[in-house]
Amino acid sequence: MQPIDLRSDTVTRPTAAMREAMATAEVGDDVWGDDPTVIELEREVAAMLGKQAALYVPSGTMGNQIAIRCQTRPGDEILVHELAHVIVHEAGGVAVLSSVQTRMIAGERGLPGPDQLEPWLRDPADEHHARQHLICIENTIGEQGGLIFPQDRIDAIAAFAHERGMRLHMDGARLWNAAVASGSDPARIVRDVDSVSVCFSKGLGAPVGSAVVGDANLIETARRNRKLLGGGMRQAGIIAAGALHAVRHHVDRLADDHANARALAEGLAGSRRLQVDPGSVETNIVFGAVPAGENAAALVAEMAEAGVLCADLSPRTVRFVTHLDAGEQAVSAAVERLQPLLQ
Ligand SMILES: Cc1ncc(COP(=O)(O)O)c(C=O)c1O
């Protein structure tokens with residue numbers, strides 16, 4: 001039995017058309033600024049997000065880390081949600097690569113609005129305090145089940161940051177999902193954000209790469225930092241062509257992934273061994289709560305035996321992610337395989 005892989009939207013393989021675009025890509029040495037396909041991708045993505053410039057980087061992690069490094073100084077403190085990818089899944093990178101400390105804040109849908117952020121501020125005139133110069137948010141919010149960060153709150157946090165001379169970074173690994181699900185232009189979503197990292201290798205289905213996007217000054221500094229971190233790539237047009245194909249052809253179809261995620265949640269709702277709430281699904285991620293007496297890792301192993309791969313995020317939480325390589329049929333087959341096990 002072929003397993004249905006719903007562990008992440010990163011598991012997709014390039015489509016035939018994407019491989020064709022990659023095979024025929026024009027390339028050059030991108031560290032010398034000579035790769036026409038990388039340049040085209042960077043221009044197109046910057047334009048899509050309404051920003052001056054973009055930089056192609058090997059991964060979303062590198063994109064976030066570069067953006068944070070460019071907008072902080074050692075000894076700074078960043079304000080960030082306690083479950084943010086940069087905190088939970090980037091190997092402590094902010095401490096190592098930017099030498100910043102973190103002020104980790106809880107919130108039901110990413111960071112709370114300005115009223116609740118205010119108490120987290122330190123006095124910039126007090127020499128005892130770390131300098132706070134950067135706020136980081138994530139959209140969609142991975143560790144909260146792919147929720148969309150509310151637009152009014154993004155705008156309010158940006159205004160709050162800018163009034164205080166601070167900057168705002170958005171980890172937009174799944175910004176495309178947020179845009180499609182909310183029917184918003186991605187440029188509108190990030191209008192007031194100073195830097196954003198976006199991924200081509202998640203729902204968009206490209207094999208490699210992300211971009212850091214922002215104003216020209218930021219991207220110039222980002223380019224230097226990419227080199228420092230070993231992320232300068234030579235004939236990167238081969239992979240950038242996959243990313244370019246993805247942004248041109250795979251954004252609108254994310255709506256299918258969202259519908260499939262809802263169908264999956266509806267199919268699993270009412271299960272005794274896994275609590276799934278279809279009302280909580282906003283994009284391509286479905287969370288299941290593991291009841292007392294069960295363990296997520298053991299349940300994930302049982303589901304794998306039944307032919308459905310998913311991920312245990314914690315002993316109490318299981319995650320399914322829909323994507324380009326798991327369409328409507330695969331998702332209904334997954335429900336059929338799981339229902340008897342989870343009842
Ligand atoms: C929200 C979020 N940000 C950043 C990343 C990092 O991307 P990468 O795996 O390309 O480093 C991920 C990866 O899944 C993610 O989910």
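Peer 1: I keep staring at the packing of aromatic side chains and nothing clicks. Help me out?
Peer 2: Any aromatic ring pair is given by two values, namely how distant the centres are and how the planes are angled relative to each other. Taken as a whole, this structure holds 1 aromatic pair when the rule is applied. A centroid spacing of 6.1 Å and a plane angle of 40° characterise the contact between Tyr56 and Phe200, whose relative ring orientation is tilted. Here the residue Tyr56 occupies a position in strand 2 (residues 53–57), and Phe200 occupies one in the loop between strand 7 (195–199) and strand 8 (210–214), the gap between them amounting to 144 residues. Across the pair, exposure class does not vary: Tyr56 and Phe200 are buried alike. The cationic tip of Arg153 hangs over the ring face of Phe149; the distance from NZ or CZ to the ring centre is 5.5 Å.

Peer 1: What's the story with the pattern of salt bridges in this structure? I'm lost.
Peer 2: Side chains that differ in charge, positive against negative, can pair when their charged atoms come close. Across all of its chains, the model carries 17 salt bridges by this definition. The partner of Asp9 in a salt bridge is Arg174, and the shortest N-O contact between them spans 2.8 Å. Taken together, the residues Asp9 in the loop between strand 1 (4–5) and helix 1 (16–23) and Arg174 in the loop between strand 6 (167–172) and helix 8 (175–182) connect sequence positions 165 residues apart. The class of Asp9 is buried, set by a relative accessible area of 0%. The class for Arg174 is buried, based on a relative accessible area of 11%. Of the charged contacts in the structure, one is a salt bridge between Glu44 and Arg248, with a shortest N-O distance of 2.7 Å. Taken together, the positions of Glu44 in helix 2 (residues 36–48) and Arg248 in helix 11 (residues 237–249) put the pair 204 residues apart, joining distant regions of the chain. Its relative accessible area of 25% is what places Glu44 among the partly exposed residues.

Peer 1: Looking at this structure, I do not really get the site of the ligand. What am I missing?
Peer 2: All residues in the neighbourhood of the ligand are listed as Ser59, Gly60, Thr61, Asn64, His85, Glu90, Glu138, Asp171, Ala173, Arg174 and Lys202. Separating an oxygen atom of the ligand from a side-chain N or O atom of Thr61 is a distance of 2.6 Å. Between Arg174 and the ligand, the recorded distance is 2.8 Å, taken from a side-chain N or O atom to an oxygen atom. The greatest single-element share of the shell around the ligand, amounting to 3 residues, is contributed by helix 3 (residues 60–70).

Peer 1: Looking at this model, I keep getting lost on the nonpolar core. Mind explaining?
Peer 2: The nonpolar side chains of a soluble globular protein tend to be buried with one another. Ranked by internal contacts, the top residues of the largest apolar core, which has 53 residues, are Tyr56, Ile135, Val198 and Phe200. Judged by nonpolar contacts, the second largest core, of 28 residues, contains Ala261, Val281, Val308 and Val331.

Peer 1: What is the right way to read the domain arrangement of the protein chain from this model?
Peer 2: Interfaces are often sized by the accessible area lost when the parts come together. Under the domain assignment used here, the protein chain contains domain 1 (16–249) and domain 2 (253–342). Domain 1 and domain 2 are separated by 28 Å when their C-alpha centres are compared. Opposite the 18 residues of domain 1 that make contact, domain 2 presents 13 residues. A buried area of about 1,200 Å², summed over both sides, lies between domain 1 and domain 2, and 58% of it is on carbon and sulfur atoms. Of all residues in domain 1, Gly145, Asn177 and Gly203 give up the largest surface area on contact with domain 2, accounting jointly for 33% of the area buried on that side. Taken together, the links from domain 1 to domain 2 amount to 1 salt bridge.

Rules of the game
- Residues numbered from 1 in each chain as written.
- Predicted model: local features only at pLDDT ≥ 70, side-chain atom pairs only at ≥ 80, totals over all residues.
- Heavy atoms only, no water.
- Phe/Tyr/Trp six-rings, centres within 6.5 Å; stacked < 30°, edge-to-face > 60°.
- Helix = DSSP H or I, 4+ residues; strand = E, 2+ residues; numbered from the N terminus.
- Buried < 20%, exposed > 50% of the residue type's maximum accessible area, 1.4 Å probe, protein only.
- Lys NZ or Arg CZ within 6 Å of the ring centre and 35° of its normal.
- Salt bridge = Lys/Arg side-chain N within 4 Å of Asp/Glu carboxyl O.
- Near = heavy atom within 4 Å.
- Polar contact = N/O pair within 3.5 Å; in protein donor to acceptor, adjacent residues only side chain to side chain.
- Core = buried A, V, L, I, M, F, W, Y, C linked by side-chain atoms within 4.5 Å.
- Domains from an automatic or database assignment.
- Contact = heavy atoms within 4.5 Å.
- Buried area = accessible area lost by both parts, 1.4 Å probe.

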